[in-house]
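Working through the structure, step by step
What follows is each chain in one-letter form.
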Amino acid sequence: MTGKNIFATRWGIIGVGAAIGILAAFLQKLGNPANMGICVACFERDIAGALGLHRAEVVQYLRPEIVGFVLGSFVAAYLAREFRPRVGSAPIVRFVLGAFAMIGALVFLGCPWRAALRLAGGDGNALVGLAGLTFGIWIGTLFLKKGYNLGRSQATHTAVGWVMPLIMLGFLALLLISPQPEGQAKSEFLFYSLKGPGAAHAPLAISLAIGLGIGILAQRSRFCTMGAIRDGLLFGHVHLLSGFISLILFAFLTNLLLGQFHPGFTGQPIAHDQHVWNFAGMTLAGLAFALAGGCPGRQLFLAGEGDGDAAVFVLGMIVGAGFAHNFGLASSPNGIGPHGMAAVAVGLTVCLLIGLTMRNKNA
Amino acid sequence: MTTMVDARGLSCPQPVIMALDEMKKEDNRELVVLVDTDTSKENVSRAATSQGGQVSEVSEEGGGYRITVRKG
């Protein structure tokens, strides 16, 4: 009785996970950073850099994949008559959760999507990150079992649901009218990187097209990396998990074919091997995603289908990236930032307080 | 007896938690779950079926869905 949505079937979600894994590996071949074909947190951080919200020179690029995710979901939701503008489920809390999810992800150096892609590229540190992610989500499930929720959203004006897609269209317009001048780090409106991950990117049209395609597929299939682990822990359901595992498996196979698989713990691209902080950073991110009801990709797809609260979470992540790089919270391949430990401690405290204090409101 | 669960406006996975909690109660023979998104409709239907329930009807109601589940 789930209608005619074949993407929401077991084979549908496995197919979508496979498509994302293959496309992400090819994006690396086409220029995106190693083991970072698609990283929602990293790419939103790069967008924060492109807009000047932080000035870390190596991570500044207005990533078209993120624009594509939201617009693809927007188109798919309209075509399927699933566009439902809604807001009002504790948006300020979602903003804070977004900011700390980003800070935690940048201590590890990747969101759950990149953790999967790092593993598929042979980076053993990703196992530690995924363990931390699972632990954070497990803490979140304890709160969920005790009645944690952020209250109900309400239906709202159609135009409210259009705001995030229009912001993304605006970003795309900036990218098109203000491209990177040859060899320079700033165009009229945007910052760019001359070296580092921000300078590594596939051609704009390809990144945008793949982003749009994944946005469409993910909206139809409800693909969610956090939900994959949460539903397994909470209900023993493996539906979403089968999609997440499919992503890892097909990215791994594609990496093997393309010569992009390099197993090991040290010297991995855009990664550090401080295990405790890889684990703790992803614990914070996992808990924040669990409390907000979706992984960073899922928040983009929800924002595309009219969920204004998910859109606020996305803005929280982008602002959180600004904080992370302005105040030395983010890690680098040399290790964690000078204030990374404090940021994780504060973030975990805030998330635990949110989980403990927000129960059964209006439910 | 029929129990009504109003899960409209709630984020994942609240609608599924609420529906499964009600299904566990022995005196409930039939469950009606109200949701407001297609994702929740699919999730609740899938979860109810996995717990041995049977989704007997899904109808549109007030911009959302009304899902009727019979316990097996």
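Residues numbered from 1 in each chain as written. Chains lettered and ligands numbered in written order. Predicted model: local features only at pLDDT ≥ 70, side-chain atom pairs only at ≥ 80, totals over all residues.

A few words on unusual backbone geometry. Here the residue pair B:Cys12 and B:Pro13 is connected by a cis peptide bond, since its omega of 0° sits within 30 degrees of zero. Its location among the elements puts B:Pro13 in the loop between strand E1 (2–6) and helix H1 (14–24). Unlike most non-glycine residues, A:Ala90 shows phi in positive territory, near 45°. Mapped onto the fold, A:Ala90 is located in the loop between strand E1 (86–87) and helix H4 (91–108). The phi dihedral of A:Arg222 falls on the positive side, at around 65°, and the residue is not glycine. (Helix = DSSP H or I, 4+ residues; strand = E, 2+ residues; numbered from the N terminus.)

So, on to the pairing of strand E4 (residues 64–70) of chain B. Residues and elements named next belong to chain B. With six bridges connecting them, strand E2 (residues 30–35) and E4 associate as antiparallel partners. Opposite Val35, over in E4, you have Tyr65 as the bridge partner. When strand E3 (residues 54–61) meets E4, the two strands line up antiparallel, connected through seven bridges. Paired with Ser59 across the two strands is Arg66, which belongs to E4. (Pairing = 2+ DSSP bridges.)

A:Met102, A:Leu106, A:Ala288 and B:Ala19 are the most contacted members of the largest nonpolar core, which has 141 residues in total. Once residues within four sequence positions are removed from consideration, B:Ala19 is found in contact with B:Val5, B:Leu31, B:Val33, B:Val44, B:Ala47 and B:Ala48. (Core = buried A, V, L, I, M, F, W, Y, C linked by C-beta atoms within 7 Å. Buried ≥ 20, exposed ≤ 12 C-beta atoms within 10 Å, placed from the backbone. Contact = placed C-beta atoms within 7 Å.)

Okay, the sheet that holds E4(B) next. All names here are of chain B. As summarised here, the arrangement of the four strands in space is E1-E2-E4-E3, forming an open sheet in which the pairing is mixed. With one partner strand each, in any of the chains shown, E1 and E3 form the two edges of the open sheet. Geometrically, the sheet is characterised by an average inter-axis angle of 15° between neighbouring strands, direction not taken into account. Across the sheet, H1 lies against E1 and E2, angled at about 170° from E2, the strand it touches most. (Axes fitted to C-alpha atoms, helices over the stretch in contact; angles between N-to-C directions.)

With that settled, consider the packing of H4(A) against helix H14 (residues 340–357) of chain A. Residue and element names in this part refer to chain A. Two elements in contact, H4 and H14, have axes separated by 10 Å at closest approach and are oriented at 145°. Once H4 is placed against H14, the crossing between them reads as left-handed. Residues Val93, Val96, Phe100, Ile103, Gly104 and Val107 of H4 form the contact with H14, whose participating residues are Gly340, Ala343, Val344, Gly347, Val350, Cys351 and Ile354. Considering only residue class, the contact of H4 with H14 consists of 10 nonpolar, three polar and no charged. (Left-handed = near helix turned anticlockwise from the far one by under 90°. Nonpolar A, V, L, I, M, F, W, Y, C, P; charged D, E, K, R; others polar.)

Bringing the pairing of E2(B) into the picture now. Residue and element names in this part refer to chain B. The side-chain alternation of E2 yields one buried face, formed by Leu31, Val33 and Val35, and one unburied face, formed by Glu30, Val32 and Leu34. Relative to E2, E1 is paired through five bridges, and the arrangement is parallel. What sits directly across from Thr2, in E2, is Glu30.

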